[in-house]
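Residue-level structure breakdown
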Amino acid sequence: MSHVTLGELSAFLAQNGFANDVDGDSELSISAVNTLEDARNGELSFLSNPKYAAMVARTKASAIIAPPGTDNPGGLTMIHCGDPYAAITAAIIRIHGYRKHPQWGVSEKAVVDASATIGENTSIAPYVTIEPDVRIGANCTIYPHCHIAAGAILGDDVTLFPNVTIYDGSQIGSRVTIHAGTIVGQDGLGYAPLNGKWLKIPQIGRIRIEDDVEIGANCALDRATLGETVIGAGTKFSNGVVVGHGAKVGQNCMFVAQVGIAGSAKVGNHVVLAGQVGVRGHLEIGDNAKVGAQAGVGSDLEPNGEYLGSPAIDKTQYIRSIYNVQKLPKMKERISQLEQHVAELRKLIDDQKSDK
Amino acid sequence: MSHVTLGELSAFLAQNGFANDVDGDSELSISAVNTLEDARNGELSFLSNPKYAAMVARTKASAIIAPPGTDNPGGLTMIHCGDPYAAITAAIIRIHGYRKHPQWGVSEKAVVDASATIGENTSIAPYVTIEPDVRIGANCTIYPHCHIAAGAILGDDVTLFPNVTIYDGSQIGSRVTIHAGTIVGQDGLGYAPLNGKWLKIPQIGRIRIEDDVEIGANCALDRATLGETVIGAGTKFSNGVVVGHGAKVGQNCMFVAQVGIAGSAKVGNHVVLAGQVGVRGHLEIGDNAKVGAQAGVGSDLEPNGEYLGSPAIDKTQYIRSIYNVQKLPKMKERISQLEQHVAELRKLIDDQKSDK
Amino acid sequence: MSHVTLGELSAFLAQNGFANDVDGDSELSISAVNTLEDARNGELSFLSNPKYAAMVARTKASAIIAPPGTDNPGGLTMIHCGDPYAAITAAIIRIHGYRKHPQWGVSEKAVVDASATIGENTSIAPYVTIEPDVRIGANCTIYPHCHIAAGAILGDDVTLFPNVTIYDGSQIGSRVTIHAGTIVGQDGLGYAPLNGKWLKIPQIGRIRIEDDVEIGANCALDRATLGETVIGAGTKFSNGVVVGHGAKVGQNCMFVAQVGIAGSAKVGNHVVLAGQVGVRGHLEIGDNAKVGAQAGVGSDLEPNGEYLGSPAIDKTQYIRSIYNVQKLPKMKERISQLEQHVAELRKLIDDQKSDK
């Protein structure tokens with residue numbers, strides 16, 4: 001964490017491609033970034049979601065990053081910037097930086113098999129267990145109570161937070177972060193029915209996690225029965241995400257918490273799955289698809305679409321059908337009225353007939 | 001576990017505010033509490049859910065707590081009491097008490113940084129790892145394979161079951177219980193899009209868990225990006241619950257298993273979320289709201305209401321719309337009949353015309 | 001892993017009840033089994049799901065197991081067999097076998113209470129903790145960072161993968177496998193309301209897991225409040241499955257990932273619950289029922305049926321109602337047309353009247 005003046009910050013943002021201008025005191029020194037609600041004197045905040053605009057007048061922050069044209073209630077220094085969310089991200093990185101990990105060297109209280117290779121500057125905490133033929137690259141941090149099973153391979157700059165289990169033969173790229181409690185490479189639900197019981201199919205495939213992936217806490221990512229389960233480069237998962245055996249997830253995807261992907265599903269690049277989405281096995285989701293919370297993907301999805309519902313369909317169509325369901329009482333009333341009118345008309349016609 | 005006669009138990013219940021009378025043998029000694037189905041001779045059971053009334057005649061329990069007016073099939077001693085569920089709870093506490101934890105002192109096989117402070121009578125198991133500047137209060141129990149990262153603060157009488165991870169800077173109140181495998185304070189899913197990739201936003205906020213909270217197994221509770229994630233005093237979670245960064249959960253809430261709360265959501269006090277409920281970020285749920293299983297909360301919910309469905313709406317309205325959907329085949333039939341009748345009428349009118 | 005010729009494999013399959021014939025080179029030696037997509041020269045693959053039929057022409061496998069009548073694109077040796085999925089399972093077992101576990105003996109770095117009994121050939125890894133009065137059978141493998149609490153009983157041939165927690169008094173049968181991060185026997189969500197707060201009910205029951213059960217990673221299976229939670233013999237769970245206190249799950253069931261069963265529910269034998277299914281407490285699901293993904297079981301289900309939806313109903317009926325909802329815009333149009341036609345008819349009748 002390092003102090004910075006608003007003038008310095010403005011220049012830093014400009015250098016990083018965020019055009020901005022300072023409305024107020026450029027000499028003001030900023031100690032931390034905080035929310036509009038929690039910020040104190042000397043801190044910087046931001047306005048991005050218009051939902052929180054009313055809080056600008058109430059914040060105790062000394063400065064905020066806000067879109068051009070945002071009203072200054074007075075007393076605040078404002079950095080006007082077209083993309084406040086991206087600019088505050090840059091400001092947080094500048095002022096706070098990323099977490100510094102403890103440095104354990106290779107702890108004497110870790111159990112590391114003699115056949116394992118550990119790269120330079122890699123830090124292995126107490127109570128880590130590393131089995132034969134594991135290969136770990138340079139500058140990695142392995143927190144306590146992690147287990148890395150035989151033959152697993154980790155690249156450089158990998159972080160495993162505490163209580164992570166890596167099964168045998170798993171392959172993990174460089175700059176991968178795995179949060180606490182996550183399990184990588186366990187057997188999938190692979191059984192063949194045999195005389196009313198389930199016969200276990202040996203799960204002889206592996207899992208491969210590519211570079212720059214970050215996985216949340218308490219996820220569980222299956223190895224493949226045969227071949228590979230793949231998590232593509234740059235993809236990010238939140239907590240409690242589950243991926244079935246043999247699934248292939250593309251690059252730069254984002255899966256929100258509690259998403260579940262069944263075995264052998266193929267998910268394209270830049271796919272966003274919101275919280276609690278479920279995806280059936282053996283299907284394909286196209287690049288850039290966005291699937292809304294709690295949707296259940298039961299068939300292939302085209303690229304670039306937005307989807308909702310269980311089964312997941314085109315978002316607009318889904319919202320219309322929800323709306324139509326809410327209008328069902330009205331429809332029933334119209335049908336009842338029609339029935340009454342038809343009865344009236346029939347009576348009128350009968351009357352005319354008998355008139356003659 | 002201590003034996004008690006039914007007379008003693010009746011007096012104990014009365015002292016605790018549960019008016020009751022004993023129908024049968026007050027001298028009978030009770031050794032344990034059990035279900036109607038599993039109870040054996042010498043054990044006490046209870047009838048609360050009327051669904052199980054038929055089992056009273058079949059139970060092998062020697063005594064049961066039941067509502068006034070419950071038929072005695074004979075051979076059973078009955079304690080009649082207006083609230084059998086609360087009374088059996090008191091009886092379980094009287095006869096069985098709560099779990100006694102092992103006493104390890106501060107194990108020599110734990111790794112405790114010299115700068116950490118550990119309160120009186122706190123028990124630290126083997127293979128616990130505690131980083132610098134951690135502060136733990138008195139009478140706590142930290143089970144094996146827990147990791148408590150730098151700067152975390154725990155109050156008095158805290159229990160961490162095995163394999164719990166507490167991230168750096170997390171704050172946990174007094175009388176908090178966290179079940180095995182749960183992760184507290186990991187980074188949330190905070191990224192800004194940058195040139196088709198995801199740029200990680202340092203997660204510099206923290207999580208604060210207030211007093212008297214109990215968290216189930218394998219939950220994952222994010223730290224905040226900025227400011228705090230909060231779990232309010234007295235709130236209870238079941239297993240597999242996930243809370244996103246910056247969410248604020250009120251006091252005395254109850255979240256059933258696999259609930260997911262997205263970032264920055266605000267949940268009021270005494271809110272009950274049933275199993276697998278999902279809550280979108282940046283919205284507000286009012287005090288005392290009850291949300292039914294698998295519901296998806298996509299907009300603010302008023303206090304005191306009951307809600308169901310995805311998107312969650314008023315429960316009565318939701319049940320009516322489900323009913324209406326089930327009646328759709330009938331509606332289609334009525335429309336077809338109307339079409340037929342209209343065609344008939346048109347023909348009749350045409351016939352009358354041509355008659356002239 | 002052992003090499004085998006196709007002739008040997010064909011004979012082995014026939015012995016195991018899979019009639020087959022070899023179309024091609026019986027002398028060909030097979031080194032491994034793989035998917036059609038990933039297989040290389042010298043490997044065996046299979047065609048079971050017709051969705052992948054087109055890949056037979058493109059595979060680099062040297063041989064495949066396929067249904068009788070499958071076209072041979074040339075260059076492939078085919079083993080024709082009526083049930084290719086079961087046959088490839090047998091072939092994987094023959095060629096690859098099951099995972100071999102490390103042999104630690106009873107590690108000096110494990111903490112095993114003097115009162116615990118450990119069976120012959122059971123392997124206890126470093127950093128395992130075993131409390132008083134635990135009984136573990138023969139030929140078990142307990143991986144690092146597992147904790148087995150006081151009085152728990154494990155049968156023979158049990159495997160606990162890393163970071164598994166077994167709570168006090170849990171009972172686990174023989175040939176049970178529990179994957180990493182899973183928690184067995186924690187307290188359920190048992191509280192009685194008392195003056196606007198939640199009073200914890202001591203959870204004095206236990207959990208019993210019968211023989212031949214396999215549990216995925218990061219599951220959480222509650223002990224009972226009173227009596228037992230039961231997981232029946234031969235049942236298999238995927239990852240992230242949660243079972244509430246006092247639930248009884250039958251034999252040879254299969255629960256796909258993220259299934260949640262609430263307390264006191266009774267699930268019959270051979271029940272299949274697909275991913276993310278939720279089951280309300282205190283209800284009963286009959287033998288052989290199949291419940292589709294994301295369904296919410298809110299009432300008893302008959303044996304042998306197939307169910308879908310939330311609330312879960314008969315599958316055919318559910319699919320029809322989904323279809324009907326999609327047809328709502330069409331129904332609305334028909335109603336509008338009817339209203340128009342009725343107005344026309346009324347006008348015609350009025351005209352005829354005034355004609356007279």
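All values derive from a computational prediction rather than experimental measurement. (Residues numbered from 1 in each chain as written. Chains lettered and ligands numbered in written order. Predicted model: local features only at pLDDT ≥ 70, side-chain atom pairs only at ≥ 80, totals over all residues. Heavy atoms only, no water.)

1. Considering the packing of aromatic side chains
- This structure, assessed with the given rule, holds 16 aromatic pairs over all chains.
- Ring geometry for Phe237 of chain B against Phe255 of chain B: centres 4.7 Å apart, planes inclined by 5°, an arrangement best described as stacked. With a gap of 18 residues between them, Phe237 of chain B in strand E27 (residues 236–237) and Phe255 of chain B in strand E30 (residues 254–255) connect regions that are remote in the sequence.
- Taking the relative accessible area as the measure of exposure, Phe237 of chain B reaches 2% and is therefore buried.
- For Phe255 of chain B, a relative accessible area of 0% translates into the label buried.
- Grouping aromatic residues by their ring pairs yields a cluster made of Trp104, Tyr143 and Phe161 of chain A together with Tyr167 of chain B.
- Between Arg94 of chain A and the ring centre of Phe12 of chain A, over which it is positioned, the NZ or CZ distance is 5.9 Å. (Phe/Tyr/Trp six-rings, centres within 6.5 Å; stacked < 30°, edge-to-face > 60°. Helix = DSSP H or I, 4+ residues; strand = E, 2+ residues; numbered from the N terminus. Buried < 20%, exposed > 50% of the residue type's maximum accessible area, 1.4 Å probe, protein only. Lys NZ or Arg CZ within 6 Å of the ring centre and 35° of its normal.)

2. Observations regarding the environment of Gln258 of chain A
- Summarising the element assignment, Gln258 of chain A is placed in the loop between strand E30 (254–255) and strand E31 (260–261).
- Residues contacting Gln258 of chain A, with those up to four places away along its chain left out, are Asn239, Gly240, Val241, Gln276 and Val277 of chain A, Gly240, Val242, Gln258, Val259 and Gly260 of chain B together with Gln258 and Gln276 of chain C.
- At a separation of 3.2 Å, a polar atom in the side chain of Gln258 of chain A contacts the main-chain carbonyl oxygen of Gly240 of chain B. (Contact = heavy atoms within 4.5 Å. Polar contact = N/O pair within 3.5 Å; in protein donor to acceptor, adjacent residues only side chain to side chain.)

3. Notes on the domain arrangement of chain A
- What the domain assignment lists for chain A is domain 1 (4–96), domain 2 (111–316) and domain 3 (326–355).
- Computed from C-alpha coordinates alone, the two centres of domain 1 of chain A and domain 3 of chain A are separated by 65 Å. (Domains from an automatic or database assignment.)

4. Some thoughts on the packing of helix H1 (residues 6–15) of chain A against helix H2 (residues 84–95) of chain A
All names here are of chain A.
- Orientation of H1 relative to H2, taken along the N-to-C sense of each, is 120°, at an axis distance of 10 Å. H1 and H2 meet at a crossing whose hand is right-handed. Facing Leu9, Phe12 and Leu13 of H1, the residues of H2 in contact are Ala87, Ala90, Ala91 and Arg94.
- Among the residues forming the contact of H1 with H2, the class breakdown is six nonpolar, no polar and one charged. (Axes fitted to C-alpha atoms, helices over the stretch in contact; angles between N-to-C directions. Left-handed = near helix turned anticlockwise from the far one by under 90°. Nonpolar A, V, L, I, M, F, W, Y, C, P; charged D, E, K, R; others polar.)

5. As for the relation of the copies chain C and chain B
- Each copy of the sequence occupies a distinct position, and chain C is placed on chain B by a rotation of 120° and an axial shift of 0.1 Å, giving an RMSD of 0.1 Å. Overall, the copies show the geometry of a three-fold rotation axis. (Least-squares fit on C-alpha atoms with pLDDT ≥ 70 in both.)

6. Details of the side chain of His147 of chain B
- Within the fold, His147 of chain B resides in strand E14 (residues 147–148).
- A distance of 3.0 Å separates the side chain of His147 of chain B from the side chain of Glu131 of chain B, its partner in a polar contact.
- If sequence neighbours within four positions are ignored, His147 of chain B has contacts with Tyr143, Pro144, His145 and Pro162 of chain A together with Thr129, Glu131, Val164, Thr165 and Ile166 of chain B.

7. Looking at the pairing of strand E23 (residues 206–209) of chain C
Residue and element names in this part refer to chain C.
- Covered by surrounding structure in E23 are Ile207 and Ile209 only, the residues Arg206 and Arg208 on the alternate face being uncovered.
- Here strand E18 (residues 171–172) pairs with E23 via two bridges, running parallel. Directly across from Ile172, in E23, lies its bridge partner Ile209.
- Pairing of E23 with strand E26 (residues 228–231), which is carried by four bridges, proceeds in the parallel orientation. Across the sheet, residue Ile209 finds its bridge partner in E26, namely Ile231. (Pairing = 2+ DSSP bridges.)

8. Some details on the interface of chain B and chain A
- Tallying the contact residues gives 75 residues for chain B and 68 residues for chain A.
- For the pair chain B and chain A, the summed buried area comes to about 5600 Å², and 60% of that belongs to carbon and sulfur atoms.
- When the buried area of chain B at its contact with chain A is split by residue, Leu189, Trp198 and Leu226 of chain B rank highest and sum to 12% of it.
- For the salt bridge of Glu37 of chain A with Lys266 of chain B, the shortest nitrogen-to-oxygen distance reads 3.5 Å.
- At the boundary of chain B and chain A, one finds 35 residue pairs in polar contact (both at pLDDT 80 or more).
- Of all the secondary structure elements, the ones that give two or more residues to the side of chain B that touches chain A are strand E20 (183–186), strand E21 (191–194), strand E22 (197–200), strand E25 (220–222), helix H3 (315–326) and helix H4 (328–355) of chain B.
- The leading source of residues in the side of chain B that touches chain A is H4 of chain B, at 13 residues.
- Classifying every residue of the side of chain B that touches chain A gives 36 nonpolar, 25 polar and 14 charged. (Buried area = accessible area lost by both parts, 1.4 Å probe. Salt bridge = Lys/Arg side-chain N within 4 Å of Asp/Glu carboxyl O.)

9. Remarks on the interface of chain C and chain B
- Taken residue by residue, the interface counts 75 residues in chain C and 68 residues in chain B.
- Of the roughly 5600 Å² buried between chain C and chain B on both sides combined, carbon and sulfur atoms contribute 60%.
- If you sort the residues of chain C by the area they bury against chain B, Leu189, Trp198 and Leu226 of chain C come out on top, with a joint share of 12%.
- For the interface between chain C and chain B, the tally reads seven salt bridges.
- One can count 35 residue pairs in polar contact (both at pLDDT 80 or more) joining chain C with chain B.
- For the side of chain C that touches chain B, the secondary structure elements donating two or more residues are strand E20 (183–186), strand E21 (191–194), strand E22 (197–200), strand E25 (220–222), helix H3 (315–326) and helix H4 (328–355) of chain C.
- In terms of residues, the side of chain C that touches chain B owes the most to one element, H4 of chain C, which gives 13 residues.
- Residues belonging to the side of chain C that touches chain B are distributed by class as follows: 36 nonpolar, 25 polar and 14 charged.

10. Overview of helix H1 (residues 6–15) of chain C
All names here are of chain C.
- Three or more residues of H1 are buried, namely Leu6, Leu9, Ser10 and Leu13. On an axial view of H1, the arc spanned by its buried residues comes to 100°, and they lie on one face.
- In the segment just after H1, Gly17 is the residue with positive phi, at about 95°. (Arc of directions from axis to C-beta.)

11. Topic: the pairing of strand E6 (residues 63–66) of chain C
Residues and elements named next belong to chain C.
- On E6, burial covers both faces: Ala63 and Ile65 on one face and Ile64 and Ala66 on the other are all buried.
- As defined by bridge partners, strand E5 (residues 43–46) adjoins E6 across three bridges and the pair is classed as parallel. Bridging from a neighbouring strand, Ser45 pairs with Ile64 of E6.
- Of the pairings in the sheet, the one linking E6 to strand E7 (residues 77–81) comprises four bridges and is parallel in character. In the sheet register, Ile64 faces E7, and the bridge partner there is Met78.

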